[in-house]
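Given next are the chains, with one letter for each unit.
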Amino acid sequence: MLDALAEAGGAVSYWIEGRISERERPRLLLRLDGVFSLRCQRCLGSVAYPLQVRNLLEFVGDESRLTQEEIEDDSRDFLPWKKEIDVVALLEDEIILALPPVPRHEQCDFPDLKYAADVNMKSSPFSMLRELKGKITQ
Ligand SMILES: [Zn+2]
């Protein structure tokens, strides 16, 4: 996940509210707000990406007891019931799901390829070999 970030900084504020559904199932209402600095996959610069998640999670003991109506219901996500919930891992998953898989500026250019090629030539194994060869014959 950190690979996708241009800067490790930034903050996310979160708000979690526990509830019990009509069917006596525990629910968590999540709200996440923040701005991430992602690495643009084209120019490699940073892209500010505002994150906003609103999600309702419902914990069920036995997935098979979900009705067809519930499975098709997009208003909430169903998760297997657990005695303890790792809130940080849960929030992390929500953030990863909410971030774009390939962050990019709407408009930007590729990095200067000529410059990149020069750097590669200088440090390539072939140029090192050439230098070495020159030393041996002298
Ligand atoms: Zn870019």
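Structure shown above.
Criteria and thresholds
Residues numbered from 1 in each chain as written. Predicted model: local features only at pLDDT ≥ 70, side-chain atom pairs only at ≥ 80, totals over all residues. Heavy atoms only, no water. Pairing = 2+ DSSP bridges. Helix = DSSP H or I, 4+ residues; strand = E, 2+ residues; numbered from the N terminus. Donors = N, O, S within 2.8 Å, 3.2 Å for Na, K, Ca; no water. Tetrahedral: all angles 85-135°; square planar, octahedral: opposite > 155°, others 65-115°. Buried < 20%, exposed > 50% of the residue type's maximum accessible area, 1.4 Å probe, protein only. Expected span 1.5 Å × (residues − 1). Arc of directions from axis to C-beta.

Observations concerning the pairing of strand β3 (residues 46-60)
On a regular strand, one side chain projects to one face of the sheet and the next to the other, so that they alternate.
Turning to step 1, where the next piece is worked out: Pairing analysis gives 13 bridges linking strand β2 (residues 26-39) to β3, with the strands arranged antiparallel. Bridge assignment links G34 to a residue of β3, and that residue is L51.
Turning to step 2, where the next piece is worked out: Pairing of β3 with strand β4 (residues 77-80) involves four bridges; the strand directions are parallel. Opposite E58, over in β4, you have F78 as the bridge partner.

Overview of the coordination of the zinc ion
Turning to step 1, where the next piece is worked out: Ligation of the zinc ion by protein atoms is provided by C40 (SG), C43 (SG), H105 (ND1) and C108 (SG), these donors lying 2.0 to 2.3 Å from the ion.
Turning to step 2, where the next piece is worked out: Taken together, the four donor atoms coordinating the zinc ion and their angles of 102 to 117° define a geometry best described as tetrahedral.
Turning to step 3, where the next piece is worked out: In primary-sequence terms, the residues that donate to the zinc ion follow C-x2-C-x61-H-x2-C. Linking C43 in the loop between β2 and β3 with H105 in the loop between α2 (87-98) and α3 (113-123), this pair joins segments that are 62 residues apart in sequence.
Turning to step 4, where the next piece is worked out: For C43, a relative accessible area of 21% puts it in the partly exposed group.
Turning to step 5, where the next piece is worked out: Given a relative accessible area of 23%, H105 falls into the partly exposed group.

Digging into the pairing of strand β1 (residues 12-20)
Turning to step 1, where the next piece is worked out: As judged from the nine bridges shared by β1 and β2, these two strands associate in the antiparallel manner. Paired with I16 across the bridge in β2 is L30.
Turning to step 2, where the next piece is worked out: The turn linking β1 back onto β2 is made up of five residues, and E24 within it adopts a positive phi angle of 65°.

So, α2
Turning to step 1, where the next piece is worked out: The end-to-end C-alpha separation of α2 is 16 Å, in line with the 16 Å expected for twelve residues at 1.5 Å each.
Turning to step 2, where the next piece is worked out: Along α2, the positions that sit buried rather than exposed are L90, L91, E94 and I95. Across the axial projection of α2, the buried residues extend over an arc of 135°, all falling on one side. Facing away from the buried side of α2 by over 90 degrees, the exposed positions are V88 and L97.

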